[in-house]
Structure formats: C-alpha cells, structure tokens
Amino acid sequence: MADYKKLFMEYMDDKGIKYKNVKDFVVQVTYSGDHLKTIPVYVFFDKDGDPMVSFKCWEIANFKEKPEKGVATCNDLNAEYRWVKFYIDKDSDVICQADAYVDEESCGEICRKMVSRVVNISDDAYPVLMKALWAD
C-alpha cells in the first residue's frame, strides 16, 4: 500500500517547497496571500492508506459573536466556489476544506495543486468574510 504522505513530502522536497511534518498523517504548508498574511493549509492523509486526502485551512475568520452571519456567508461562498466547501466549526472558526483522491504517480502534484487551490480561494474569500463580520 502506498505511503501517500511520504510521496507528497518527497514531491515537495524535489520542488523545493517548504512544509512542516506536523504529525503521523498531517503535513502543513503555509503560503502568503494578497489579503491574508499567512494561509496555513493542513494536508490530512488517511491512516489506513486510503488514497483520499483532505485539505483544510481554518485560520481565516471567527464568527463567535455572529454565528448566523457566518453560516450565511459560508453558504454564499459555497455557492460561488465549487472546488472547496466553507463551514463553521464548533469553535466558530471558518473552515475551508477540499478533498481529493490521489494515486501513486500523481499524488505529489495533485496535493500541491489542491493546497494552492485552498490557499487562493481562502485568500479570495477573506474580504467577503471580513465584510460580513464587521458590517452592521
């Protein structure tokens, strides 16, 4: 069975892209955006070796004081961006998440592209989230 995390880290090493090996099945890749100074994306690999990989960014916004506004804004963002989903977690943080199936040959490239997609969409969504958070 393939070690998809290892394949991803080897790909990132080959491309000279920095990452952090967070724990057994998680890697963190951090970029900067036009709106967000840091955009950390956590890449979760299946512990049983399933080729499903999950990409999550949760340091975007927090709607603790306005949960209804957060849910409505996430719904609006979900209608606009089909490659990711936005939702509010139990801590009222906005989560941007995407999932992808990978294979041994393309794991590194697919994961890097998915990280970039989550970064770009999270950065694009940030002004919309801030407007909703601070309006009224």
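Here's what I pulled together on the structure shown here. (Residues numbered from 1 in each chain as written. Predicted model: local features only at pLDDT ≥ 70, side-chain atom pairs only at ≥ 80, totals over all residues. Heavy atoms only, no water.)

## Side note on the packing of aromatic side chains
Evaluated as defined, the whole model comprises four aromatic pairs. Ring geometry for Phe 8 against Phe 45: centres 5.9 Å apart, planes inclined by 40 degrees, an arrangement best described as tilted. Of this pair, Phe 8 sits in helix 1 (residues 4-15) while Phe 45 sits in strand 3 (residues 39-45), and the two are 37 residues apart along the sequence. Using a relative accessible area of 7% as the deciding quantity, one classes Phe 45 as buried. When the ring of Tyr 42 is compared with that of Trp 58, the centres are 4.2 Å apart and the planes differ by 5 degrees; the resulting orientation is stacked. In this pair, Tyr 42 sits in strand 3 while Trp 58 sits in the loop between strand 4 (52-57) and helix 2 (67-80), placing the two residues 16 residues apart along the sequence. When its relative accessible area of 12% is taken as the criterion, Tyr 42 is described as buried. Since its relative accessible area comes to 27%, Trp 58 is described here as partly exposed. (Phe/Tyr/Trp six-rings, centres within 6.5 Å; stacked < 30°, edge-to-face > 60°. Helix = DSSP H or I, 4+ residues; strand = E, 2+ residues; numbered from the N terminus. Buried < 20%, exposed > 50% of the residue type's maximum accessible area, 1.4 Å probe, protein only.)

## A word on the sheet that holds strand 4
Across the sheet, six strands lie side by side as 1-2-3-4-6-5; this open sheet has antiparallel pairing. Edge positions in the sheet fall to strand 1 (20-23) and strand 5 (85-88), since each has one partner strand and no second. Strand-to-strand, the axes of this sheet are offset by a mean angle of 30 degrees, without reference to chain direction. Each of strand 1, strand 2 (26-31) and strand 3 is contacted by helix 1, which is oriented at about 30 degrees to strand 2, the strand it contacts most. Taken strand by strand, helix 3 (residues 107-134) contacts strand 2, strand 3, strand 4, strand 5 and strand 6 (94-101), and its axis lies near 155 degrees from that of strand 6. (Pairing = 2+ DSSP bridges. Axes fitted to C-alpha atoms, helices over the stretch in contact; angles between N-to-C directions. Contact = heavy atoms within 4.5 Å.)

## Examining the environment of Met 9
In this fold, Met 9 is placed in helix 1. Expressed as a C-alpha distance, the spacing of Met 9 and Lys 113, which sit 104 residues apart in the sequence, is 14 Å.

## Description of the packing of helix 1 against helix 3
Describing two packed helices takes the angle between their axes plus the distance from one axis to the other. Where helix 1 contacts helix 3, the axes come no closer than 8 Å and their chain directions differ by 75 degrees. Taken together, the axis directions place helix 1 and helix 3 in an arrangement best described as roughly perpendicular. Within the contact between the two elements, helix 1 uses Tyr 4, Leu 7, Phe 8, Tyr 11 and Met 12 and helix 3 uses Cys 107, Gly 108, Glu 109, Cys 111, Arg 112 and Val 115. In terms of residue class, the contact of helix 1 with helix 3 is made up of eight nonpolar, one polar and two charged. (Parallel < 35°, antiparallel > 145°, perpendicular 65-115°, else oblique. Nonpolar A, V, L, I, M, F, W, Y, C, P; charged D, E, K, R; others polar.)

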